[in-house]
Structures are given as C-alpha cells and as structure tokens.
Amino acid sequence: MLQRNQIPPSVDLRNRPAELPSLAETFDAFVTYLLRQYWVILGTAGLCLFGGICYLMTAAPSYTALATMIIDTRKFQAFQQQSPANDVPVDSSAVESQVEILKSENVALAVIRDLKLNEDPEFIGSRAGAAGAVLDFVSGLFAGSAPPNEFDRTRRAVRAFQKQLDVRRRGMTYVIEVSFRSLDPERAAQIANAVADAYIVDQLDSKYQATRRASAWLQDRIKELRTQASNAERAVLDYKKTNNIVTSSGKLLNEQQLGELNTQLVHVKSQVTDAKAKLDRIEAVVKGGVPDATVADTLNNQVITKLRSQYLELANREADWSSRYGYNHLAAVNLRNQMREIQSSIIDELKRLAESYKSDYAIAVQRQNEIERAVNDSVSQSQSTNQAQVTLRELESSAQTYRSLYDNFLQRYMENVQQQSFPVSEARVITRASRPLSKSHPQTLVVLALSTLGGLIAGLGLGVLRDLYDRVFRTAEMVETILDADCVAIVPRVSPSQLKAPVVGRPNLPVGPRTIRRGDEPVLWAAIDAPFSRFSEAIRSIKVNADLSVTKPSKILGLTSALPNEGKSTLAFVFAQLVAQSGARVLLVDCDLRNPSLSRKVAASAERGILDVLSNNATLHDVLWRDPETGLAFLPGATRSRIAHSHEVLASDQMKDFIDAVRGHYDYVIVDFPPLTPVVDVRITAHFVDSFVFIVEWGKTQVQVVERALRSARAVNENLLGVVLNKADIAAMSRYSGYGGKNYYYNSHYGRYGYTE
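Read on for an overview of the structure. Everything numeric in this text was worked out from a predicted model, so none of it was measured. (Residues numbered from 1 in each chain as written. Predicted model: local features only at pLDDT ≥ 70, side-chain atom pairs only at ≥ 80, totals over all residues. Heavy atoms only, no water.)

**Looking at a negative patch on the surface**
What counts is decided by this rule: Within this analysis, patches are made of residues with over 30% relative accessible area and no salt bridge. Like charges are joined at 9 Å or less; nonpolar side chains (Val, Leu, Ile, Met, Phe, Trp, Tyr) at 5 Å or less. What sets the accessible areas is the Shrake-Rupley method with a 1.4 Å probe; for residues, cover comes only from the shown protein chains. We count a salt bridge whenever a side-chain nitrogen from Lys or Arg sits within 4 Å of a carboxyl oxygen from Asp or Glu. This count recognises Lys and Arg as positive and Asp and Glu as negative, with His and chain-terminal groups excluded. Where a charge lies is defined by one atom per residue type, namely NZ (Lys), CZ (Arg), CG (Asp) and CD (Glu). Runs of E in the DSSP output that reach at least two residues are strands. Runs of H or I that reach at least four are helices, and both are numbered from the N terminus. Burial status follows relative accessibility: with a 1.4 Å probe on protein chains alone, a residue under 20% of its type maximum counts as buried, one over 50% as exposed, and anything between as partly exposed.
Together, E477, E480, D484 and D486 make up a negatively charged patch on the protein surface. Along the polypeptide, D484 turns up in the loop between α12 (476-482) and β7 (487-492). Judged by relative accessible area, D484 falls into the exposed class, the value being 64%.

**Considerations on the nonpolar core**
As a reminder of what qualifies: Working definition of a nonpolar core: buried Ala, Val, Leu, Ile, Met, Phe, Trp, Tyr and Cys residues. They are joined through side-chain atoms within 4.5 Å. Every residue pair with non-hydrogen atoms within 4.5 Å of one another is taken to be in contact.
Membership of the largest hydrophobic core comes to 54 residues, with the highest contact counts inside it found for L587, I610, L635, F658 and F694. Ranked by the residues each element gives to this core, the list is headed by helix α21 (residues 703-712), at 5 residues. If sequence neighbours within four positions are ignored, L635 has contacts with L587, L588, V589, D590, G609, I610, V613, L620, V623, L624 and F658.

**Some points on unusual backbone geometry**
Going from H441 to P442, the amide bond is cis rather than trans, its omega being -5°. By the element assignment, P442 lies in the loop between β6 (427-431) and α11 (444-469). One non-glycine residue, N616, adopts positive backbone phi at about 65°. Looking at the element boundaries, N616 is found in the loop between α17 (610-614) and α18 (620-623). Look at K727: it is not a glycine, yet its phi comes out positive at around 55°. Inspection of the secondary structure puts K727 in strand β14 (residues 720-728). The partly exposed category is assigned to K727, whose relative accessible area is 21%.

**Things to note about the sheet that holds β6**
The criterion, for reference: The pairing criterion for strands is at least two bridges between them, as found by DSSP. Geometry is summarised by axes, namely lines fitted to C-alpha atoms with helices restricted to the contacting stretch, and by angles between N-to-C directions that run from 0 to 180 degrees.
As summarised here, the arrangement of the 4 strands in space is β2-β3-β1-β6, forming an open sheet in which the pairing is antiparallel. This sheet does not close on itself; its edge strands, each paired only once, are β2 (165-169) and β6. Taken pair by pair, the neighbouring strands of this sheet meet at an average axis angle of 30°, ignoring direction. Running over the sheet, helix α2 (residues 92-102) touches β1 (63-71), β2 and β3 (175-182) and is turned about 175° from β2. The sheet contacts of helix α7 (residues 185-242) involve β1, β2, β3 and β6, and relative to β1 the element is tilted by about 20°.

**Things to note about the sheet that holds strand β10 (residues 625-626)**
As summarised here, the arrangement of the 8 strands in space is β7-β14-β13-β8-β12-β9-β11-β10, forming an open sheet in which the pairing is mixed. The sheet is open, and its two borders are formed by β7 and β10, each paired with just one other strand. Of the pairings in the sheet, the one linking strand β9 (residues 586-590) to strand β12 (residues 668-672) comprises 5 bridges and is parallel in character. Its bridge partner lying in β12, L587 is registered against V669. Against the sheet, helix α14 (residues 534-547) engages β7, β8 (556-561), β12, β13 (691-697) and β14, with an angle of about 165° to β7.

**Remarks on the packing of helix α3 (residues 105-115) against α7**
We count it as follows: By definition in this entry, angles of less than 35 degrees are roughly parallel, angles greater than 145 are roughly antiparallel, angles of 65 to 115 are roughly perpendicular, and the rest are oblique. The hand of a helix crossing depends on one turn: near helix anticlockwise from the far one by less than a right angle means left-handed, and clockwise means right-handed. Under the grouping applied here, Gly and all other residues not named as nonpolar or charged are polar, the nonpolar ones being Ala, Val, Leu, Ile, Met, Phe, Trp, Tyr, Cys and Pro and the charged ones Asp, Glu, Lys and Arg.
One way to put it is that α3 packs onto α7 with a least axis distance of 9 Å and a crossing angle of 125°. Judged on the interaxial angle alone, α7 and α3 are oblique. Regarding α3 and α7, the two cross each other, and that crossing is right-handed. The residues of α7 that touch α3, namely those facing N106, V107, A110, V111 and L115, are R187, Q190, I191, A194, V195, A198, Y199 and D202. Here the residues of the contact of α3 with α7 are counted per class, giving 9 nonpolar, 2 polar and 2 charged.

**Description of the pattern of salt bridges**
Inspection of every chain in the model, using the stated rule, returns 23 salt bridges. Among the salt bridges present, the one from R585 reaches D667, with a minimum N-O distance of 3.2 Å. Placement of R585 in the loop between α15 (568-581) and β9 and of D667 in the loop between α20 (653-663) and β12 is noted, with a sequence separation of 82 residues between them. A relative accessible area of 26% places D667 in the partly exposed class. Ionic contacts of the salt-bridge type, sharing partners, join the residues R493, E697 and K727 into one network.

**Brief notes about the packing of aromatic side chains**
Remark: the centre distance and the inter-plane angle together describe each pair of aromatic rings, the angle taken between the planes. Counted only if it meets this: Pairs were defined over the aromatic rings of Phe, Tyr and Trp, the Trp ring being its six-membered one, requiring ring centres within 6.5 Å. Orientation was assigned from the angle between planes: stacked under 30 degrees, edge-to-face over 60, tilted for the rest. Any Lys NZ or Arg CZ that is within 6 Å of a ring centre and within 35 degrees of that ring's normal is treated as a charge sitting over the ring.
Under the definition given, this model contains 5 aromatic pairs. Between W525 and F573, the aromatic rings sit 5.5 Å apart at their centres with planes inclined by 70°, giving edge-to-face as the arrangement. With W525 in the loop between β7 and α13 (526-529) and F573 in helix α15, this pair connects stretches of sequence that are 48 residues apart. Taken individually, W525 and F573 each receive the classification buried, so the pair is uniform in this respect. Joined through ring pairs, the aromatic side chains of F123, F161 and F180 make up one cluster. In this structure, R336 is placed above the aromatic ring of Y327, and the distance from its NZ or CZ to the ring centre is 3.5 Å.

**Focus on the packing of helix α1 (residues 23-58) against α11**
The interhelical angle for the contact between α1 and α11, taken along N-to-C directions, is 145°, at an axis separation of 7 Å. The way α1 lies across α11 gives a crossing that is right-handed. Considered class by class, the residues forming the contact of α1 with α11 number 18 nonpolar, 9 polar and 3 charged.

**Concerning the side chain of D202**
Summarising the element assignment, D202 is placed in helix α7. There is no salt bridge for the buried D202, and the closest opposite charge comes from R113, which lies 8.2 Å off by N-O distance. Each residue touching D202, except ones within four places of it in the same chain, is listed here: I101 and N106.

This is the structure:
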C-alpha cells in the first residue's frame, strides 16, 4: 500500500470561503459553453438565416413615400383673435397630440373616401407575395363565403391603411414626418400627400365647427344674461321706490343732508366758542375796571377809540403839569378829574359791548342746538335707511355682475363671429411626397443581418436552456459541488472498435475447472491489455484514493451505483484485476444476489457461490474462481433460484464473520453490490464495508436520482470514499470544463499507447 498523507486537523477544507471566479475563469467558462453548444447556436442561426432568405424571395417589394409638415407656432396675429377654441399654446405635448390625430381613423376615412381606397385590391384584396397567399388561404378557411359589403370593405381598408401609415415627430422639433408604404410608388406618394392635406382640412373643419358651436352657445348665453341683467336692474329700482331711497350724484339724499348738517354743526360750534371767549373777556375787563384793557372789538369802536384818545391826551397834560407845578396843583387835579370821567365813559361803553356779546353768544348757542337736533333727526332716519341699504347693495352687486358678464360675452361673441371668416390652420406642408426611386421593404441587408443576429441570440438562449435542463453529471466539479464528495476517477468510455490486441504477448497460462477465461466482452480485460491507456490510469486513481484515505483503512471496498447498467460490475472486475496485477492479494465478491451479472460474465458455469459459503455447504476454496493472468480470486454470486430477502443475507452475522475471516487473508476485498435505487441491500452493509465507491454514468444518470439514492442510504453516504464518473466522453468533457487539456495523465502523450480517446 501507499503511505497515507495526514492532513492537520486544524485545516478545515469544508469551511473555506467560496471564491468568486476570475475573469480568465469566466472567459474560459464562456468558451467551453460555445464549444459545447456551437452546433445548436450555428444550427439555429442557419435556420433563421434560411428563413430570412425565404422571406426575401417570397415577399413582395413595397415603396415608401415621405411628406413633411410643420406645426407652426405663429398665431397669425394680423388675422386671428383669441377665441375659446384657439387659446392653447403649442408645446411638445401638443405636437405629440397632432401626431396621434394624423394616425386617427378620422383622417384615414377621409383619405379612403377621397381616393376610393375601399375599391383598391391592395387594401381590400389578397395579400401580396407567397406568405400573403398562405395567410389569405388560412383566413379564407375560417371566413364566410358571402361577399363583403360596403362597411366591411371600408373597415378592411382602414386596417390596411393604418398598418402602412407611419407618422412620427422629427426629434424635438415641430416637424412631423408622414410616410406611407405601398406596392405602387406613385400610389405611395399620392396617399402620403393626401394624408397631409386631409389633416389640414380636418383641422380647419374642427376649428370651424368648434367656433360655430361656441357662437351658438354664446348667443344663447347672451340672451339669458341680457334678461338676467334687466331683471336685476329692475329689482334695484323697485326696491328704492319701496323703501323711499333717493340718490343724488350716486349718493343717498339723507347721507348728503347729514354731511351738510355736520359741516354746519362744526361751524356753529366754532362760532359759539368764539362768542363765549369774547363775552368772558369783556366781562373780565368790565369787572376789573381797566379801561385800557384790550378787547378785539374795542379797536373798531369809534366811541371808545375817541375816549381813549382824549384819555391819553389828558394823561400827558396831567403828567406835564404835575411835573411843572406839582401834583396838587388845581390844573393837575382838574385834569385827573376829567380823566376819571372819561374812564367811566369807557367802562359804560364796554358794558354796552358786553351786552352785545352776550346777545351774540345766546344766538350762537341756540343755532347750535337747532343744528344738533337736525343732525339727530337725520341720524335716526339714516339708521332706518341703512337696514334697507344692505339689501340694496346686494341687488346692485348682482345687477352689476350680470351686466359685466353680458358685456364680456357680447364681446367674445363678436370676436368669434369674426374668427369664422379667417380659416387659418397652424399646420402646413413643407415638403410634399414624391415618387420613391427604390424599394423600402424588405431591406435585404437588414433582413439578413437581423435573421442572423436573431438566430444567434435564439441559439444562445436555446443552448442556455439545454444547459439548464441538462441535469446530469458532466464534470468532477459538478460531483464535488452537488454531492459534496470527491470525484476519485473519470473513466473514459471504451468502444469495441478501440479494443486492440495486447501490447505484450501473454505466456501460455494454465487452465483449470474454475479458471476465468476471456469471453465475449473484451472490455473486462481492457486495463490488462492496455496498461498505459487513459482507461487503465483512471482505474488506478481509485486505488490511489483508497490507499490515501485519512479517516480509516479501506481494505473492504464496496462498489455500487444509483441505477442498473451504469457499468458498476464491469468496473469492479477491471479494478480488481488491475490491483491484483500490481501484486496485491485481491478477492472480488459478487454480492448482487438479485442480479449476479458479473458472475454470468466471468463465471457463467459456476454452480456454487457465496450463499454456499455462508450456509457452510461449501468452503471458500471450493467455490473460488481465479484469473490465471493476474491471480485475482473471484467469489461468484451464483444462486439456484431468486432470493426475495437478499438484504437479510447481507445483514446476517454469517456475512460479517465471512468478511472478518477473509480480511486477514487478502490485501483488498472488492465487493460488487446491487444498485441503491431498485433494492435496499446496500443500505445494511456498512457494518462490514470500510468504504464505498459510488459509480455514476457520465452524461446519463440524472442528478436528482443520485441525490435521492444517497439520501436514502445514509450509511453509504457517510462511508463514501468517492464518486467515479464512468463511460465518460473525454472529447465532449473538454467542452464542459476543459478537463482533457488540464490533466497531464489524460494528455495525448500519456494516452498514445493502448486505447486512446
């Protein structure tokens, strides 16, 4: 045996973080995908290209004529007035709306009616080209035999017309392109121009109809508003008459009177104040006896002025004489007496003025009282009038509103009447369509390019679907990822044509009664005949993994599979031969008691087998078969009849004792077990088998089948040495993971002897 390499327990391979694939790995995966599905991709692209060529050969050529028009943003201010139907500015949304109007059925019907397209076979007749003929034939099978009427022809023409019409906006401009496709180039240009003209006529007609409807509505509304305004004004007059409300210069009469009385009252109060001030002043002067005191009216009184002049003259003379002749001089005394007489006269005159002031004050007070009474009477009258004035204001406001609405609607009506005489459209044709010089459909290069590109895309998608639904094992990476188990070997498929004579001649070997002879299946000896082949190298890798097992020794190896016919028995025999050829003592046991196919292949004449040994009816030496070339010992599973409870035989103590007995006599004991899915025998053999080798047929066994089989046999899964991909197509594997070019032992230099792939 090889020495086992021990992995330190601190290294946990299962908990390594997943690494993202590099750019090189991603590119390599894409290349392998192309290599794997290239025939699907190229085949789909070829079919699509062939379909495009057939379409080009059968499709009738058509021609497209183009007319351009513009939505003019100018409002033609010299001719147009603002109207209810034309007060929206032209913006981006408005241009898109005009595009939809050009595509509308209303414009289509106008063109069909003017050009009589409902009688044109292109629009109501059969479709052009071979494809159109097929469609007409299919639709004719489901259509009635009665000829179409006028309505049906028109509807059919509208559908065909709208399919061939294309209207689009040029960028973000106000320019609209109108294109029409027809089998006749002249007809295409004629219809494109007719669409533009029909659109302009439709716009003019819609504006005229909108203006006419607006005029009729305005006229009715004006009559209604005239009546409402007259009734409201009449209600104002009747209310004034009922409540005795009289106005002058836009104001109520009692309001004017109250204003005048207030003005007079202010003036009279000012007069009373002045008269009172004068009276108080003159009474103070009279009471003080000071004739020289200044009073306003004394300056205008001639008597007082004259007396004061005399008084001043006497005072000057008295002062002069007193200074000359003395104060007590008779002349000075006489002058002072005269001065007192004059002063008394002044006082008397002031008293007379005081009585005059008193009379003026009394008159002013009486006038003030009269005006105050008049003001109070006017205020009381205004209060009663104000209650009625609230309702009057509401009536006047309503009458004014109705009058304003009437004037406004009358003005709009006159503008609308004038608008009807100026039919100006905002759209105009800037380039009329002309006869196209070349066909526009189908475009040969575009059809070929699109069909090829579509075929490649469809092929890529179909290839991805095939990969998604290809739920079989193709690579070792799939085995390790899905089953969480090691892929210990990938055994290539060996076809009968690859089997050759042995490289080294065999010596004459003895032949006994229980000797294994070469039969009709040379693949059983393929590893012996071609020891340097890829097939032999793959079988050797199973032994290497068994010898390098770090968990426990693998002397008792059991081979099983999920389903029958996966090459399990053949692989067990070849593996046992190859190990025996290396000099080891090997015992191969056929434990497939339900279907001992290996015994029928290498020991067809065996009458006794493992059941006889377990039942002590024969010894191991009596039933063993041997291969004279390698020294392999084979214990057949020959049975005289079918055994229903074969699992009890494998689970018996006799079976365990037998395995324990042969464990010490042989270096390797290889057991060929039945598959897991059909029978349950393998599930109860973990008590005497060291490790299991699980065989999976490459490219055939489904992933879910293998997963279900291993889940159902937990003991097998826990003691699993590894998985072997059997019957692998090495050339095809390179299209899945590049396996054949990345492993040196599958290189052509190492596989040139014997059976090569």
